[in-house]
Amino acid sequence: GLPWKLALAINSRLRQLRESGLRPMRDIREFLNERIDYERFFSVNYTAREFKLARMRELLARIGDPHIGMPMLHIAGTKGKGSTAAMAAAVLTAAGYRTGLFTSPHLERVEERIAIDGRSCLPEQFARLLEQLLPAIRAMDREGAERDPPEPGPTYFEITTAMAFSHFAREGTDAAVIEVGLGGRLDSTNVCCPLVSVITSISYDHTKQLGDTLEAIAEEKAGIIKAGVPVVSGVADAGPREVIRRVCRAHGCRLAEIGIDFDVRYAPPQRVEACAAQGTIDFVCRSHTGTLAYHGVALGLTGRHQAANAAVALAALAQLREVPRPGRKPWDIPETAVREGLGRLAWPARVELIARRPAVIIDAAHNVASAAALIAALGESYTARRRILVFAATQEKDIRGMLVQLLGQFDDVILTQYLDNPRAVPVDDLAALAAEVSGREYRRCSRPADAWDAARRLAAPDDLICVTGSFFIAAQMRHEVLARPYAPEA
């Protein structure tokens, strides 16, 4: 857990900040970075002591409970939850609903986590939201420090979650799509009472916190299920699927499952490195009210895994249509909105092609299942003659498993580490593990900028460069690639 001396030091630093407010984004980032941030911790004790829903409820109560009564979709899952949330929000926006979207982590700016109708919160809006929360945060810091033993005040994620709820309420959103941060049962977002709960997938990740079996992980994810609230599940494996069924039965929830109540077929795009191309999906959903089907819907995101995410998003929206709205018209989501929302969506660092000649792909895969999905997408949709991998990883992940998936699929490999986060795996440690896995030595670069320079030197215009391993390396390498595009040697 967090050393209490650190909590007291944080509180002391907070008292030093300007009482007049935190309008400059530099001050805001400094303030947030000094909060407890589990995205930067080596090891997180996933217990009710550290992840206190009571603390989150208290923070929201002090600012007027902006989340209460807000129509929401709540989305958990090991992988795909961010993409699924973005797809559902894009379709709702295309249907004419003012739609909030809360996701994490961010790639470049913290404001990205909070968006309405596809537009991130503006810096001045973000500053204003935090200023409005400051009295409650400072009061909770002060009261926590006076307890015996001392308790920390609201965390980074709790604060940004509260800011999102407040922003969506103040801006009069018709709906909000909320992505879980970690797990589900104890996640800060789990104070909401959604119209539909969604679990996208179950695979191995955060095993120290959530459990080392798929069934244990499913139990934690299923903690978002609320009594009587319909549930959509994209979980296909028998063990975790049965856990979700059991929890739904216990809570009296209607359950829609992939492969049973809804299905999807995917036609992948071809030679994406050469021309703009989109895959398409055929979707069918069966319920007691009838059958809903879409054919040949263009998908802005590439990969069979994204087709599954799209199916989960569409099934969630199908469930939303059946939720009663006393005194208001039923949810109206026409097929035109489905086609527009899914076809136009761009979601950074998800098999994202950010340059051609050579093709440069940024992907935030950070566990074995997402690495396998990335390899499958590259195999289906790219035909570059030579592939170059840039890889960095986060401590406590199944790095060996990811390397087993990735190393044999690339002609050249560059190992690196991201900066400014203590969870980065040192590049020398990564190289030693890669050598154990493959019996080969690989090029290593201690900084993302050096890794991009090395990749540029190796690549020819017809090659493919893929950056993956974590959200953090995706963000830093994305910045390097866009700031210093490839230029062939004279």
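It should be noted that the structure appears before, not after, this text.
This section reports on the structure supplied with the text. (Residues numbered from 1 in each chain as written. Predicted model: local features only at pLDDT ≥ 70, side-chain atom pairs only at ≥ 80, totals over all residues. Heavy atoms only, no water.)

**What about the sheet that holds strand E3 (residues 114-116)?**
Strand order across the open sheet formed by eight strands is E4-E3-E2-E5-E1-E6-E7-E8, with mixed pairing between neighbours. Each of the sheet's edge strands pairs with one partner strand only, and the pair in question is strand E4 (119-120) and strand E8 (255-257). Direction of pairing for E3 relative to E4: antiparallel, over a ladder of two bridges. Residue pairing for E4: alanine 115 is matched across the bridge by serine 120. Contacts between helix H6 (residues 156-170) and the sheet are confined to strand E1 (72-76), strand E2 (99-102), E3 and strand E5 (175-179), with E3 contributing the most and set at about 15 degrees to the helix. (Pairing = 2+ DSSP bridges. Helix = DSSP H or I, 4+ residues; strand = E, 2+ residues; numbered from the N terminus. Contact = heavy atoms within 4.5 Å. Axes fitted to C-alpha atoms, helices over the stretch in contact; angles between N-to-C directions.)

**Quick look at the pattern of salt bridges**
Scanning all chains against the criterion turns up 34 salt bridges. Two residues, glutamate 143 and arginine 62, come together in a salt bridge whose shortest N-O distance is 2.7 Å. With glutamate 143 in helix H5 (residues 123-145) and arginine 62 in helix H3 (residues 53-62), this pair connects stretches of sequence that are 81 residues apart. Of the charged contacts in the structure, one is a salt bridge between arginine 286 and aspartate 263, with a shortest N-O distance of 2.5 Å. Of the two residues, arginine 286 sits in strand E10 (residues 279-287) while aspartate 263 sits in strand E9 (residues 262-267), which places them 23 residues apart along the sequence. A single network of salt bridges, built from pairs that share partners, joins Arg241, Glu242, Arg245, Arg249 and Glu257. (Salt bridge = Lys/Arg side-chain N within 4 Å of Asp/Glu carboxyl O.)

**Description of the sheet that holds E9**
Reading across from one edge, E9-E10-E11 is the order of the three strands in this open sheet, with antiparallel pairing throughout. Strands at the two margins of the open sheet, each flanked by one partner only, are E9 and strand E11 (290-299). In this sheet, neighbouring strand axes are inclined to one another by 10 degrees on average, regardless of whether the strands run parallel or antiparallel. Pairing of E9 with E10, which is carried by six bridges, proceeds in the antiparallel orientation. The residue bridging alanine 267 from the neighbouring strand is threonine 280, located in E10.

**Quick word on the environment of alanine 61**
Tracing the sequence through the fold places alanine 61 in helix H3. Each C-alpha atom of the pair alanine 61 and threonine 160 lies 15 Å from the other, and the pair is 99 residues apart in sequence.

**Some points on empty space enclosed by the protein**
Summed over the entire model, instances satisfying the criterion amount to two cavities of 30 Å³ or more. The calculated volume of the second largest cavity comes to roughly 30 Å³. Lining the second largest cavity, in full, are Phe283, Leu292, Tyr294, Leu314, Leu317, Ala318, Arg321, Ile333 and Val338. Listed by contribution, the elements that provide at least two residues to the lining of the second largest cavity are E11 and helix H10 (304-321). Ranked by residue count, the leading element in the lining of the second largest cavity is H10, at four residues. Residue classes in the lining of the second largest cavity are distributed as eight nonpolar, no polar and one charged. (1 Å grid on protein atoms, 1.4 Å probe; cavity = no way out; pocket = protein on both sides within 12 Å on 5 of 7 lines; lining within 4 Å. Points joined across faces, edges and corners; volume = space filled by probe spheres on them. Nonpolar A, V, L, I, M, F, W, Y, C, P; charged D, E, K, R; others polar.)

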